[in-house]
Amino acid sequence: MAFPVPRSLSPSKVSSFTDCALAFRYSAIDRLPEPPSPAATKGTLVHTALERLHLLPPAERTVDAGLALLAAAAHELRSAPDYADLCLTGDDEAAFHDEAATLVRNYFRLEDPRAVRAIGLELSLEVEVDGVTLRGIIDRLELDDEGELVVTDYKTGGAPSTQYERKRLSGVHIYSLLCEQLLGRRPRTVQLLYLRSPLAILTEPTDQSTRGTRRTLGAVWQAVERACEREDFRPKRSRLCDYCAFHAYCPAVGGDPTLVPHPADAEAAALPATDGVRQLELAT
């Protein structure tokens, strides 16, 4: 019996499948639960603080305001499972919040938020591209001084080496394609803001990069369909294995795939489609 084919692709799913097809299966098809991690929860807090920062009038977007918004977000999250299940105490909890505050401070070293003209924050987008349903969440969509679109993605993990920089930018090119398909306008710039370093990586989408993104999406989708049809999702050993939540089921690290629970109903678990970009006004 073949595995159910996922209903859509997203930048994270493309990255997951190319990093390790078996981990993709466990996450996107079997929908196995993954325990919360300090890194992911910290990222949620920082993204929330920066989203709220850009909802303030430009003159009020200060470091102190960003840290106050971070503290408020942390207070709201304290009872949520993603935070409570981390079971942080003492020095570990203090270090967690200190590191989150450092990420917010570092953001101000990368750009002046008072000059940012955001037209959309945490936008959920969906569009069909060459027969593939493509979804993504854009951290920030804005207009530059000439009224051109800019896509910004915050990263709270470490900046990639030169070897992996192109792969990280490929996800942002997917966001560019989403905007172009929905708005009829290709962003002039897409940028990754790595808050830990801090480091900004920028690129300008072109006809060539857009064609390459479409080809990559088509190839990944076909590979996912074949893997589902043949029930053939193979593990790939890499440094990412150290952070994988599926060791118990992975034969590459001594796990047993037969212990995987019965796959969840993909239709019932599918996320609702939203399209925030269509509600935006693009007046300069």
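Residues numbered from 1 in each chain as written. Predicted model: local features only at pLDDT ≥ 70, side-chain atom pairs only at ≥ 80, totals over all residues. Heavy atoms only, no water.

### Side note on the side chain of Glu-142
Here Glu-142 lies in strand 2 (residues 132-143). At 3.0 Å, the side chain of Glu-142 and the side chain of Thr-152 are in polar contact. Once residues lying within four places of it in the same chain are set aside, the contact partners of Glu-142 are Val-116, Arg-117, Ala-118, Ile-119, Glu-148, Leu-149, Val-150, Thr-152 and Gln-191. (Helix = DSSP H or I, 4+ residues; strand = E, 2+ residues; numbered from the N terminus. Polar contact = N/O pair within 3.5 Å; in protein donor to acceptor, adjacent residues only side chain to side chain. Contact = heavy atoms within 4.5 Å.)

### Details of the pairing of strand 1 (residues 117-129)
Relative to strand 2, strand 1 runs antiparallel, the two being bridged by 11 bridges. Residue pairing for strand 2: Glu-128 is matched across the bridge by Thr-133. Taking the residues between adjacent antiparallel strands as the criterion, strand 1 and strand 2 are bridged by 2 residues, where Asp-130 takes a positive phi near 50°. (Pairing = 2+ DSSP bridges.)

### Structural notes on the side chain of Thr-210
As for its position among the elements, Thr-210 is in helix 8 (residues 207-230). Accessibility expressed as a relative area gives 10% for Thr-210, which makes it buried. Separated by 3.5 Å, the side chains of Thr-210 and Arg-186 make a polar contact. Discounting chain neighbours no more than four positions away, the residues touching Thr-210 are Leu-177, Glu-180 and Arg-186. (Buried < 20%, exposed > 50% of the residue type's maximum accessible area, 1.4 Å probe, protein only.)

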